[in-house]
Amino acid sequence: MPATRTTERLIAVPQPIEKIGKSERTRAEILDAALEFLWSRSFGEMTIASLMEQTSHSRPAFYQYFGDLHELMETLLTTLESEILEGANHWLSEGGDPVALLYERLAAEVRICYRHGPFLKAVSDATGTSARLEAQWERFLDRFDDAVSERIAADQQLGLIEAFDPRPVATALNRVDAALYVRKFGQRPRSRPGPVLDSIARVWISTLYGQQWATSRTSTLLREHVPVAREPRGPE
């Protein structure tokens, strides 16, 4: 068994260990071993044999849970998506100062992507060799585009954001963030998260709510608690 790392990373166990059975624990162990592998090696170097050597199970156990390594990566991406959406929930669906809520959402996203940068890079790199994983990555990004564009449209109706087509703006903001996270956090030494957060917060806040709030992280704007048209969802 490999030594335990002290570095924070995505944990695949979906619920407290005492509440899950042996089968789910085995699946979670395989997922965590994959994340551990990707901290120091690329997805292209991963084989089922090398992965299972990092667990307490034999190679045949892998196929009880995943058809291949790409399916495993899709599962990890779904887990990451759920974590990011949870961190974004206040800005996406709650009332209050929208600038402060947006900054809180971006700070959570940066923390998550800083921890999981090597995994994001592994997914990004693997999309060039797997059409299936590339499609999953695009769906991953598209769902964030959906959630952000709906929030922008709702804030436009409340008079908090000026009128423009929200979808292309949401797409541009999300794609820039994804590329920046891969570049800054995907390889060692990772960049410090503070300057990355400052940069993306300035872009998001000035683009959506106005340049005057770009550096203050709060505003005098007030969003009434009005739900967006469709609550953001994870993958079905």
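Procedures and definitions
Residues numbered from 1 in each chain as written. Predicted model: local features only at pLDDT ≥ 70, side-chain atom pairs only at ≥ 80, totals over all residues. Heavy atoms only, no water. Helix = DSSP H or I, 4+ residues; strand = E, 2+ residues; numbered from the N terminus. Contact = heavy atoms within 4.5 Å. Polar contact = N/O pair within 3.5 Å; in protein donor to acceptor, adjacent residues only side chain to side chain. Phe/Tyr/Trp six-rings, centres within 6.5 Å; stacked < 30°, edge-to-face > 60°. Buried < 20%, exposed > 50% of the residue type's maximum accessible area, 1.4 Å probe, protein only. Lys NZ or Arg CZ within 6 Å of the ring centre and 35° of its normal. Salt bridge = Lys/Arg side-chain N within 4 Å of Asp/Glu carboxyl O.

Let us now look at the overall build of the protein. Looking only at helices and strands, one finds nine helices and zero strands in the protein. In sequence order, the secondary structure elements of the protein are arranged as α-α-α-α-α-α-α-α-α. Here the analysis covers contacts within the protein between residues at least 6 apart in sequence; of these, 69% occur between residues at least 24 apart.

Moving on: the environment of Gln156. Here Gln156 is to be found in helix 7 (residues 131–157). Note: C-alpha distance between Gln156 and Leu208 (52 residues apart in sequence) is 9.5 Å. Setting aside residues up to four positions removed in sequence, Gln156 forms contacts with Ile161, Glu162, Ala163, Phe164 and Pro166.

Another aspect to go through is the side chain of Thr55. Within the secondary structure layout, Thr55 lies in the loop between helix 2 (48–52) and helix 3 (59–62). One polar contact links the side chain of Thr55 to the main-chain carbonyl oxygen of Met52, over a distance of 2.9 Å.

Moving on to the packing of aromatic side chains. Under the definition given, this model contains eight aromatic pairs. Ring geometry for Trp91 against Trp204: centres 6.1 Å apart, planes inclined by 85°, an arrangement best described as edge-to-face. Here the residue Trp91 occupies a position in helix 4 (residues 69–93), and Trp204 occupies one in helix 9 (residues 193–208), the gap between them amounting to 113 residues. Taking the relative accessible area as the measure of exposure, Trp91 reaches 0% and is therefore buried. Between the aromatic rings of Tyr114 and Phe185, the centroid separation amounts to 5.2 Å while the plane-to-plane angle is 85°, which identifies the pairing as edge-to-face. With Tyr114 in helix 5 (residues 98–115) and Phe185 in helix 8 (residues 166–185), this pair connects stretches of sequence that are 71 residues apart. Residue class for Phe185 comes out buried when judged on its relative accessible area of 0%. Here the aromatic cluster, defined as three or more aromatic residues joined through ring pairs, consists of Phe62, Tyr63, Tyr65 and Phe66. The residue whose ring lies beneath Arg105 is Trp204, and the NZ or CZ to ring-centre distance is 4.5 Å.

For the structure shown, the criterion picks out 15 salt bridges. Between Arg217 and Asp198 there is a salt bridge, with its nearest N and O atoms 3.2 Å apart. Placement of the pair is Arg217 in the segment after helix 9 and Asp198 in helix 9, with a sequence separation of 19 residues. Residue classification places Asp198 among the partly exposed residues on the basis of a relative accessible area of 39%. Among the charged side chains, a salt-bridge network with shared partners connects Glu138, Asp142, Asp145 and Arg175.

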